[in-house]
Amino acid sequence: MAPLSTSASDSSDSPPLSASAAPSANDVLPDSVINVSVGLPAAQANGFIHSAPPLPESTPASSAMPYLPPRQSTASAAISAVSMKPSPPTTDAFPSGSPRGDSTTAGEIDYSQLPSDLDPSRLPGHVAIILDGNSRWAKRRGMPKELGHEAGLTALRETVRKCGEWGIRALTVFAFSTENWGRPKAEVDFLMALLGRMIDEELDELHKQRVAVRVIGDPSRLIPQLQRKIEKAQSRTQDNDGLRLSVAINYSGRQDIVHACRRIAERVAAGEIQPDQVSEALLTEEMGTSWLGPDLANPDLLIRTSGEQRLSNFLLWQSAYTELYFCDTLWPDFGAPQLHAALLDYQQRDRRFGKRNESS
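This text gives an overview of the structure that appears in the document. The structure presented is a predicted model; accordingly, all values stated were derived computationally and were not measured. (Residues numbered from 1 in each chain as written. Predicted model: local features only at pLDDT ≥ 70, side-chain atom pairs only at ≥ 80, totals over all residues. Heavy atoms only, no water.)

## Quick look at the overall build of the protein chain
Rules: Only DSSP runs of H or I reaching four residues or more are called helices, and only runs of E reaching two or more are called strands; each is numbered from the N terminus. Exposure classes here rest on a 1.4 Å probe applied to the protein chains alone. A residue is buried below 20% of its type maximum, exposed above 50%, and partly exposed in between. Contact between two residues is taken to exist if any of their heavy atoms lie within 4.5 Å; hydrogens are not considered. Note on areas: Shrake-Rupley, 1.4 Å probe, and residue coverage restricted to the protein chains presented here.
A tally of helices and strands in the protein chain yields eight helices and seven strands. Here the protein chain holds 360 residues, and 51% of them are scored as buried. Within the protein chain, residue pairs in contact and separated by at least 24 positions form 81% of the contacts whose partners lie at least 6 positions apart. Total accessible area on the protein chain stands at roughly 15,800 Å², and carbon and sulfur atoms take up 50% of it.

Here is the structure:
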């Protein structure tokens, strides 16, 4: 799925889009996938919030990972001509782990492409990302915001692919928040059109990669055609046993909690459960990420790009014990090297969940 980069907190950065004119909400929207951009910074707070050291905006060709090139369009051609990011080499800069065969049993995790300095047993099962910085990326290059969103799409495509190749089991991206409806109508229409286009363009490849796609949030405000495209993507990929990709559209962490409480209250009123049976586990079962199962419903690692340091109403309930990682890299410049750095940082953390280890 291609990303719609938007941030509830940063109205200057919206999801990666194409460079075509913004269609109205009544225009026909092609199927597409989603991407998100929101702001994130790089700083350390009392030892609990770690930040990544600033990474160069341009990754030297010698250290860049190969990526899935974007579909050639007027917008992507323009980006190629102006972008400061060099073309990646044909071989991985990160050494792969020990080969484990060319195929795996259905449902089995294949770590054969995982960089050798990452420990498979300490990988986060669920990674969440707030992608931010598309507009700033474009502005620094004297380009329109739409081209920044187009570049953000490439970043999302590569991130989804790398998560699947490296054995990450679940990825959740913040594509469009409930607060984003407050943006100019032309921008909102453009993001909705991009979402539809991405489903059309990326669904076959996602299915080929065995990615299971699910949209979380309230789709009722989306136009019927886009709702149908989302249903198509979910239905076609529901039995896939690879990466589980959750795309948050018209999503609010607070509303996620409110809706879960409302559903539980309805069950109590109907006599299905007693008030004293209401628990944290029951509430988690009603949250948007519950489709991932109890072991993956809560993200282990949440990454935010572009230097901002806030959750922006994203996965509030689920992030109670999530490790937070902030980096200064703008979302379109985020790729395999930055994901690798975030995973390395995560593996240095001592996750105690309020308890104390014998050695500490």
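## Things to note about helix α3 (residues 145-166)
Here is the rule we go by: Every helix has an expected span of 1.5 Å times one less than the residues it contains.
With 22 residues, α3 should reach 32 Å at 1.5 Å per residue; the first-to-last C-alpha distance of 31 Å fits that figure. Of all 22 residues in α3, 19 are buried, a share of seventy percent or more. With its phi angle positive at about 90 degrees, Gly167 sits one or two positions after the end of α3.

## Some points on the side chain of His126
Convention followed: Polar contact is the term for a pair of N or O atoms within 3.5 Å; when the atoms are in protein, one must be able to donate a hydrogen and the other to accept it, and sequence-neighboring residues count only if both atoms are side-chain atoms.
Residue placement: His126 occurs in strand β2 (residues 126-130). Using a relative accessible area of 0% as the deciding quantity, one classes His126 as buried. A polar side-chain atom of His126 sits 2.8 Å from a polar atom in the side chain of Thr172. Contacts of His126, omitting those with residues within four sequence positions, involve Ala170, Leu171, Thr172, Leu292, Leu296, Ala297, Asn298, Pro299, Asp300 and Leu301.

## Thoughts on the nonpolar core
Note the cut-off: In this text, buried Ala, Val, Leu, Ile, Met, Phe, Trp, Tyr and Cys residues form a nonpolar core when linked through side-chain atoms within 4.5 Å.
Leu171, Leu245, Ile249, Ile303 and Leu343 are the most contacted members of the largest nonpolar core, which totals 47 residues. A per-element tally of this core places helix α4 (residues 185-208) first, with seven residues. Filtering out sequence-adjacent residues up to four positions away, Leu171 remains in contact with His126, Val127, Ile129, Thr159, Val160, Cys163, Leu243, Arg244, Leu245 and Ser246. Membership of the second largest hydrophobic core comes to 11 residues, among which are Ile130, Ile216, Tyr251 and Phe314.

## Looking at the pairing of β2
Across the five residues of β2, five count as buried, placing the element largely inside the fold. Residues His126, Ala128 and Ile130 line one face of β2 and the alternating positions Val127 and Ile129 line the opposite face, and both faces are buried.

## So, the pattern of salt bridges
Our working rule: Counted as salt bridges are all cases of a side-chain nitrogen of Lys or Arg within 4 Å of a carboxyl oxygen of Asp or Glu.
The final tally for this structure, using the stated rule, is 22 salt bridges. A salt bridge links Glu323 to Arg349; its shortest N-O distance comes to 2.7 Å. Of the two residues, Glu323 is situated in strand β7 (residues 323-326) and Arg349 in the segment after α8 (336-346); the sequence distance between them amounts to 26 residues. What makes Glu323 buried here is its relative accessible area of 14%. Since its relative accessible area comes to 6%, Arg349 is described here as buried. Close ionic contact of Arg349 with Asp345 constitutes a salt bridge, the shortest N to O distance being 2.6 Å. For the pair formed by Arg349 and Asp345, the shared burial category is buried. One network of salt bridges, with partners in common, ties together Asp300, Glu323, Asp345, Arg349 and Arg351.

## What to know about the packing of α3 against α4
To be explicit about the condition: Helix axes use the C-alpha atoms of the stretch in contact, all axes being lines fitted to C-alpha atoms, and the angles between their N-to-C directions lie in the range 0 to 180 degrees. Here the angle decides the label: under 35 degrees means roughly parallel, over 145 means roughly antiparallel, 65 to 115 means roughly perpendicular, and every other value means oblique. It is the rotation of the near helix from the far one that decides the hand of a crossing: anticlockwise by less than a right angle makes it left-handed, clockwise makes it right-handed.
α4 packs onto α3 with a crossing angle of 30 degrees between their chain directions and a minimal axis gap of 12 Å. In terms of axis orientation, α3 runs roughly parallel to α4. Handedness of the α3/α4 crossing: right-handed. Of α4, the residues touching α3 (which contributes Lys145, Glu146, Glu150, Leu153, Arg157 and Val160) are Glu187, Phe190, Arg197, Met198, Glu202 and Leu206.

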